[in-house]
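What the coordinates show
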Amino acid sequence: MATKRAASSPAPEESDGMIIRPLGAGQEVGRSCIMLEFKNKKIMLDCGIHPGLPGLEALPYTDMIDASEVDLILITHFHLDHCGALPWFLEKTTFRGRVFMTHATKAIYRWLLSDYVKVSNISADQMLYTEKELENSMSKIETINFHQVTEVGGVKFWCYNAGHVLGAAMFMIEIAGVKILYTGDFSRQEDRHLMAAEIPPVSPDVLIMEATYGTHIHEKRDVREARFTGIIHDIINRGGRCLIPVFALGRAQELLLILDEYWANHPELQEVPIYYASSLAKKCMSVYQTYSNAMNERIQRQISVSNPFIFKHISNLKSMEHFDDIGPSVVMASPGMMQSGLSRELFENWCTDRRNGVIIAGYCVEGTLAKHVMSEPEEVATLSGQRLPLKMSVHYVSFSAHVDYEQISEFVRVLKPPQVVLVHGEATEMGRLRSALVREYEDNPNVKMSLHTPANTQAVELCFRGEKMAKVVGVLAAEEPQDGTTVSGILIKRGFKYHLMAPSDLPNYTDLARSIVTQKQCVPYKSLFSLVGYYLRQLAGEVEEIKDNGTIVGYKAFKTVTVLKGVQKVTLEWTANDTNDMYADAVLSVLMQIEGDTTGNALSVALSNATSAGKYDDSDKFPVRLFKLLVDIFGDARVARLPTGDSMSVTVDSNVAVVSTRDLSVDCDDETLQQQVSGIVRRLHAALHPCKAVLKKEALVVRDKPVKEEELVA
């Protein structure tokens, strides 16, 4: 297996680079698996196994990728070299994306892979997955109709009929306006039951196309069928047995239709049995009958009268125990490349008799027995290791439903894609096809086409640059903007499309809704709450008082930040935005300044500001000035004059401080309130009568003699 690439940060979403990397089918036929990366989206195209390799060796080079980063898997058809590794990838890796295939492909995939698990001639520890894991994978697969547009995470895709086999699809993928067409296996020639592959009406920017047959040109259908039936007739006439190794589904149905018609037209052959040896025969025929609408018009017309897949001259053969090998016969057995199963068993039984013959009717991958016998060796090895002489005749009549050069040339000529990536072909054939296409368009100035033939794990790097445009919708689009004007709104990205709209239009054009974020912050606070109001007025000017039953419980500054009183704390509340956050920081700074003042400076500043502002002029007596200051700090509801005339009270949280204006004493059970109110009284008195305040501290000495206060004042 390849060495995994060093982990790197994912490509930025707006990157213009596209990477196409074959993890299988790069300069080989088998284990198709192409990774497409663009705009930070990762899509896997097919996930097959190599028919000529055992166990884990048959897997694509998936250690080159992180399975958890794959967003989407698209499976083109049910052949093992395109879907055989899918259950393993779904059940034994970290993949969590979505998987799509057509309805007919999913129906046949289940039975075909179940048969693969049963006939695989390898030990249990080498098995890629079990029957149970295959069953579990079914629920993760979604189906798609032909031409149905589906979108997953901004990636749009739809599929066209690919011919090849029932349910086979070509996928057109669109990412940020760039279109990529992946053909998988396709055939542009209509046969007895399948329609020809469609040519998309939209030209892709990138074409990822099979190159199985390179520059070969297929026989005409009638010539090919005549040669096929003629060989079978000759083998039977010489008393031999004819083996036709086929896959259970696909070309087998085409060959069955040909043989049933030929036997009906040749009564002399009708005593010779034809067997379709596949445990899937009955199940698969029901699938073909169910999805007859995916076949050509000939079959659809015929099936309305009688079912063409109910054969008159062909019997199903479940196993060798049900087979009486007593004379000439024709047996179609799976698998098509004879690497194991019933076709391999019959080949080993018949290969030593020169009367017998084998017809290879499809493409054979390197490393398989079918490919080996086409070179007509003198001996072949059995599964047990025994060497047997190869005396039976070997014939190759290609019914493989892959495009030849003429079909490829027509397909490319109509689409004219600027970038072509060739996959699913041996290196030699792929090189010949590339050279032929280059020659075809090198003298055409109207067509600029780049062709790529990457090997496995080799990346093709392309670049697609495009302008990013936003569509203005809603109330913003009511008036056409003039040059130089600024259009302001919310930019919404859906997939790879951008829309600009007013916040009020969000519910109309999206599933989004506007939300208001309210922030709260609790701050420890043990000082007088009335000081908060005083300082907020100094900071913000107008401050709104919040009252509960006539009692101030909070303030609102800048019309946005609310300060609420709590038990030894205050709580700030505001609606979050850049401006309000700034206001909240300023209020928080004031609170921290008040709470952190242990020297009484806050009170001094308050008194200084009050006197310097002329709030208390000299005509007022000290008690009047003190009362006004206490009201300003604590609020009108908390300050009251007492009947004695020279006393007043301050009430805070049920604690009462009684102030005497005669001797400046403060009587209060709460020590904190007593100290705060006493500080206010002393500092106001000191501000109004600085000399007197000094004299009261102690007896002064004038000319070394004690002097009474009254004398000094006089």
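Residues numbered from 1 in each chain as written. Predicted model: local features only at pLDDT ≥ 70, side-chain atom pairs only at ≥ 80, totals over all residues. Heavy atoms only, no water.

Focus: the confidence of the model for the chain
Across the chain, pLDDT averages 85, with 89% of residues at or above 70. Put simply, helix α20 (residues 709–713) is where the chain has its lowest mean pLDDT, 39, and strand β4 (residues 72–74) is where it has its highest, 98. Scored below 50 in pLDDT, residues 613–619 shows 10 contacts in the model against residues more than four places distant or in partner chains. Residue range residues 692–714 is modelled with pLDDT below 50. Its contacts to residues more than four positions away, or to other chains, number 14 contacts. (pLDDT = per-residue confidence, 0-100. Helix = DSSP H or I, 4+ residues; strand = E, 2+ residues; numbered from the N terminus. Contact = heavy atoms within 4.5 Å.)

Topic: the pattern of salt bridges
On inspection of all chains with the given rule, the structure shows 26 salt bridges. Among the salt bridges present, the one from Lys42 reaches Glu69, with a minimum N-O distance of 2.4 Å. Residue Lys42 is found in strand β3 (residues 41–45), and its partner Glu69 is found in the loop between β3 and β4; the two are separated by 27 residues along the sequence. What makes Lys42 buried here is its relative accessible area of 18%. Residues Glu174 and Lys179 are paired through a salt bridge, measuring 3.9 Å at the closest nitrogen-oxygen approach. This pair shows no difference in class: Glu174 is buried, exactly as Lys179 is. Via salt bridges that share partners, Arg192, Arg221, Glu225 and Glu261 belong to a single interconnected network. (Salt bridge = Lys/Arg side-chain N within 4 Å of Asp/Glu carboxyl O. Buried < 20%, exposed > 50% of the residue type's maximum accessible area, 1.4 Å probe, protein only.)

Here we look at the environment of Ala211
Inspection of the secondary structure puts Ala211 in the loop between β11 (206–210) and α5 (221–237). C-alpha of Ala211 to C-alpha of Met430: the two residues are 219 residues apart in sequence and 5.7 Å apart in space. Beyond its immediate stretch of four places on either side in the chain, Ala211 contacts Leu422, Val423, His424, Gly425, Glu429, Met430 and Leu433.

A short note on the state of the cysteines
Taken as a whole, this structure holds zero disulfides when the rule is applied. Between Cys33, a free cysteine, and Cys47, which holds the nearest cysteine sulfur, the sulfur-to-sulfur gap is 4.9 Å. Look at Cys33 and you get buried, because its relative accessible area is 0%. (Disulfide = S-S within 2.5 Å.)

Some points on the pairing of strand β16 (residues 357–360)
As a general feature of sheets, a regular strand has side chains that alternate between the two faces. Covered by surrounding structure in β16 are Gly357 and Ile359 together with Val358 and Ile360, the residues of both alternating faces. As paired strands, strand β12 (residues 241–245) and β16 are joined by two bridges and run parallel to one another. From the neighbouring strand, Leu243 faces β16, where its bridge partner is Val358. Across four bridges, β16 lies against strand β19 (residues 393–396) in parallel orientation. Looking at the pairing, Ile359 lines up with His395 of β19. (Pairing = 2+ DSSP bridges.)

Topic: the sheet that holds β16
A sheet is described by the order of its strands in space; here six strands give the open sequence β14-β13-β15-β12-β16-β19, paired in parallel fashion. The open sheet is flanked by β14 (314–316) and β19, the only strands paired with a single partner. On average, adjacent strands in this sheet sit at an angle of 20° to one another, irrespective of strand direction. The sheet strands contacting α5 are β12, β15 (329–333), β16 and β19, and the helix crosses β12 at an angle near 145°. The strands touched by helix α9 (residues 341–350) within the sheet are β12, β13 (274–277), β15 and β16, with β12 carrying the most contacts at an inclination of about 150°. (Axes fitted to C-alpha atoms, helices over the stretch in contact; angles between N-to-C directions.)

Section: empty space enclosed by the protein
Across all of its chains, the model carries one cavity of 30 Å³ or more by this definition. Here the largest cavity is characterised by a volume of approximately 110 Å³. Along the wall of the largest cavity there are 15 residues; nearest its centre are Ser187, Gln189, Asp191, Arg251 and Ala401. Classifying every residue of the lining of the largest cavity by side-chain character gives four nonpolar, eight polar and three charged. (1 Å grid on protein atoms, 1.4 Å probe; cavity = no way out; pocket = protein on both sides within 12 Å on 5 of 7 lines; lining within 4 Å. Points joined across faces, edges and corners; volume = space filled by probe spheres on them. Nonpolar A, V, L, I, M, F, W, Y, C, P; charged D, E, K, R; others polar.)

Remarks on helix α6 (residues 251–265)
If you check α6, its first and last C-alpha atoms are 22 Å apart, about what 15 residues at 1.5 Å a residue would give, namely 21 Å. Counting buried positions along α6 yields 12 of 15 residues, so the element is predominantly enclosed. Among the residues of α6, those classed as buried are Arg251, Ala252, Gln253, Glu254, Leu255, Leu256, Leu257, Ile258, Leu259, Asp260, Tyr262 and Trp263. (Expected span 1.5 Å × (residues − 1).)

What to know about the sheet that holds strand β24 (residues 490–494)
Reading across the sheet, the three strands line up as β23-β25-β24 and stay open at both edges, with mixed pairing between neighbours. Taken across any chain shown, the strands that pair with only one partner, and hence form the sheet edges, are β23 (470–472) and β24. Between one strand and the next, the sheet's axes are offset by a mean angle of 30°, whatever the strand orientation. Here β24 runs beside strand β25 (residues 497–501); their pairing, made up of five bridges, is antiparallel. Of the residues in β25, the one forming a bridge with Ile492 is His499.

Concerning the packing of aromatic side chains
Tallying each qualifying case throughout the model produces 14 aromatic pairs. Considering the side-chain rings of Trp88 and Phe89, the 6.5 Å spacing of their centres and the 45° angle between planes classify their relative orientation as tilted. Overall, Trp88 belongs to the buried group, its relative accessible area being 14%. The class of Phe89 is buried, set by a relative accessible area of 1%. Taking the centre distance of 5.7 Å and the plane angle of 80° together, the rings of Tyr534 and Tyr535 count as edge-to-face. The pair Tyr534 / Tyr535 is uniform in exposure class, with both members buried. Three or more aromatic residues joined by ring pairs form one cluster here, namely Trp88, Phe89 and Phe95. We note Arg110 situated over the ring of Trp111; from NZ or CZ to the ring centre the distance is 5.4 Å. The residue whose ring lies beneath Arg641 is Phe627, and the NZ or CZ to ring-centre distance is 3.8 Å. (Phe/Tyr/Trp six-rings, centres within 6.5 Å; stacked < 30°, edge-to-face > 60°. Lys NZ or Arg CZ within 6 Å of the ring centre and 35° of its normal.)

Topic: the side chain of Thr571
The residue Thr571 is located in strand β30 (residues 569–575) in this model. For Thr571, a relative accessible area of 13% gives the class buried. Residues in contact with Thr571, not counting those within four places in the same chain, are Gln521, Cys522, Thr562, Val563 and Leu564.

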